[in-house]
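Results of the structural survey
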Amino acid sequence: MKAREKMHECTQDAIEALDGDVRCVSVRLANGAQKLAAMDEKLAEFDAHFAALDRRFADLDARFAAFNAHYEAMRGQISALEKETQKACRMTQEMRRGTAYIDARLEALEMAALAAELIPQKHLFLKESGGRDVLH
């Protein structure tokens, strides 16, 4: 019987030790579960933050694409305006040359008209002066 009681005590001690070990493991599992829950919460916050950053990046990417398209459109317009400006510059130079030519012709015509007006007056002066050239 002593052996039986001893075995019973040993079994009881083993059960109590095992029970203590199970409680310790349960406490550790509960702590681990709390840590996992906290990690899951942090991961959810990170995912939300990452999703917000992803949306912001998509918005910036769309704005950049729109700006790039606008820039390309404006670049074509700027190029066209530069060509028009060069053409207008050439036309202005041609008009200046034409105007200078016309001015020179007008001046020549005015001088010829002035000379033509002076010829009759010269003859009149020569008659009045008795044949002496008073203009030169």
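Scroll up a little and you will see the structure.
Here's what I pulled together on the structure shown here. (Residues numbered from 1 in each chain as written. Predicted model: local features only at pLDDT ≥ 70, side-chain atom pairs only at ≥ 80, totals over all residues. Heavy atoms only, no water.)

Quick word on the overall build of the protein chain
- In terms of regular secondary structure, the protein chain is built from 1 helix and 0 strands.
- Split into buried and exposed, the 136 residues of the protein chain put 1% on the buried side.
- Accessible area for the protein chain stands at about 12600 Å²; split by element, carbon and sulfur atoms hold 63% of it. (Helix = DSSP H or I, 4+ residues; strand = E, 2+ residues; numbered from the N terminus. Buried < 20%, exposed > 50% of the residue type's maximum accessible area, 1.4 Å probe, protein only. Areas by Shrake-Rupley, 256 points an atom, 1.4 Å probe, with all protein chains shown as cover.)

A word on the pattern of salt bridges
- Enumeration according to the criterion identifies 3 salt bridges in this entry.
- A salt bridge links Asp59 to Arg56; its shortest N-O distance comes to 3.6 Å. Remark: Arg56 and Asp59 occur in helix H1 (residues 2-129); sequence separation between them is 3 residues, near one turn of the helix. (Salt bridge = Lys/Arg side-chain N within 4 Å of Asp/Glu carboxyl O.)

Quick notes on a negative patch on the surface
- Together, Glu5, Glu9, Asp13 and Glu16 make up a region of like negative charge exposed at the surface.
- The exposure class of Asp13 is partly exposed, given its relative accessible area of 48%. (Patch = residues over 30% accessible without salt bridge, like charges linked within 9 Å, V, L, I, M, F, W, Y side chains within 5 Å. Lys, Arg positive; Asp, Glu negative; His and termini not counted. Charge placed at Lys NZ, Arg CZ, Asp CG, Glu CD.)

Considerations on the packing of aromatic side chains
- Inspection of every chain in the model, using the stated rule, returns 2 aromatic pairs.
- Look at Phe46 and Phe50: their rings are 6.1 Å apart centre to centre, the planes differ by 20°, and that puts the pair in the stacked class. Placement of the pair is Phe46 and Phe50 together in helix H1, with a separation of 4 residues, close to one helical turn. (Phe/Tyr/Trp six-rings, centres within 6.5 Å; stacked < 30°, edge-to-face > 60°.)

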